[in-house]
Amino acid sequence: MSEPEFSLKRKIILVTGAGGLIGKEVCDAYAAYGATVIATDNQAGGVLEEYIATLNVRYPGQGLCAITADVTSDESLTNLFQHIEDVHGKLDVLVNLAAIDAKFDEGQKDINLSRFEQYPLELWERSVAVNATGLIRVTQHAIRLMLTASSGNIINVASTYSLVAPNQSLYRTDSETPPVFKPIDYVGTKSMVPNFSRYIATFYARDGIRCNTVVPHGIFNQHPKAFQDNFSKLSPLGRMCDLKEIRGPFVFLASDASSYMTGSTVVVDGGWTAW
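Described in the following lines is the structure provided in the data block. (Residues numbered from 1 in each chain as written. Predicted model: local features only at pLDDT ≥ 70, side-chain atom pairs only at ≥ 80, totals over all residues. Heavy atoms only, no water.)

### Here's the deal with the packing of helix H1 (residues 21-32) against helix H8 (residues 247-254)
Argument step 1. At their nearest, the axes of H1 and H8 sit 9 Å apart, and the two run at 55° to each other. Viewed along their axes, H1 and H8 adopt a mutual orientation that is oblique. In the packing of H1 onto H8, the handedness of the crossing is right-handed. In this structure, H1 contributes Ile22, Glu25, Val26, Asp28, Ala29, Tyr30 and Ala32 to the contact, and H8 contributes Arg247, Phe250, Val251 and Ala254. (Axes fitted to C-alpha atoms, helices over the stretch in contact; angles between N-to-C directions. Helix = DSSP H or I, 4+ residues; strand = E, 2+ residues; numbered from the N terminus. Parallel < 35°, antiparallel > 145°, perpendicular 65-115°, else oblique. Left-handed = near helix turned anticlockwise from the far one by under 90°. Contact = heavy atoms within 4.5 Å.)

Given below as structure tokens:
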């Protein structure tokens, strides 16, 4: 934190999907490096507000806040960005984390039992609205504000499944329970993210706006032991990612230490896509 190139002091950072596992950790990391964080989620409500309140106690004087916003609603985003402009007058960094994803953590109820040929297309359309169209909509709003300062930094969040297909055997933990599958909606919508980042990076490079992608994978969140065992067999590092291990890449890309990086994809997957 003593290295100035990694400092985030005086930076205004917007994090969408901030109520999720990664979102909360990223907000904490940015606050620790001195940023003013605007945390937003479509269900910000009391939970995210309480979390941000704890960060304001831990990092006093930085003006962190939680705001409810829906990436599928242009009106909601217009209000959000008007607030940012009115209060801060600028936006230095946008982190696009908002996404729909079928989870396989302990106790999760949204795992998918449908094979591809039976997959409900309404679930695909729902994910496209958030993961693809929502991503574009938020980025448009952010760039309009960033252009006024001729400066900006966008960090999009993809998945290893934007680089490789899911190994469905990862989700088969025993022979007695029905098989579950990583669905096509997450794989398809996340696959656009690295190239979308390259599109934005090259389109706005001369306007002072950078855009890069983070590809996280396998972050431990009380997964069942059978899932952990499967993951360990398939991962070169032989384990899942500790949540704190994602902090560094996000801080690096948000800071001036990455000032000559744009259009890049930073893979944080324990070597998963290396073989």
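Now that the structure has been shown, we can carry on.
### Concerning the packing of aromatic side chains
Argument step 1. Going through the model one piece at a time under the given rule, you end up with five aromatic pairs.
Argument step 2. Seen from their ring centres, Tyr199 and Phe203 are 5.6 Å apart, and the 35° between their planes marks the pair as tilted. Of the two residues, Tyr199 and Phe203 both sit in helix H6 (residues 193-204), four residues apart, roughly one turn of that helix.
Argument step 3. One aromatic cluster in this structure is built from Tyr199, Phe203 and Tyr204.
Argument step 4. The residue whose ring lies beneath Lys24 is Tyr51, and the NZ or CZ to ring-centre distance is 5.6 Å.
Argument step 5. For Lys182, the ring lying beneath its charged end belongs to Tyr186, and the centroid distance is 4.7 Å. (Phe/Tyr/Trp six-rings, centres within 6.5 Å; stacked < 30°, edge-to-face > 60°. Lys NZ or Arg CZ within 6 Å of the ring centre and 35° of its normal.)

### Regarding the nonpolar core
Argument step 1. Counting 35 residues, the largest nonpolar core has Ile13, Val15, Tyr30, Val95, Ile155 and Phe250 as its most contacted members.
Argument step 2. Elements with a contribution of two residues or more to this core: strand E1 (12-16), H1, strand E2 (36-41), helix H2 (45-58), strand E4 (93-96), strand E5 (152-157) and H8.
Argument step 3. Considering each element in turn, this core owes the most residues, seven residues, to H1.
Argument step 4. In this structure, Ile155 is in contact with Tyr30, Val93, Leu94, Val95, Asn96, Asn212, Val214, Phe250, Leu253 and Ala254, ignoring residues within four places of it in sequence.
Argument step 5. Counting 31 residues, the second-largest nonpolar core is a separate cluster that includes Ile12, Ile38, Ala142 and Ala158. (Core = buried A, V, L, I, M, F, W, Y, C linked by side-chain atoms within 4.5 Å. Buried < 20%, exposed > 50% of the residue type's maximum accessible area, 1.4 Å probe, protein only.)

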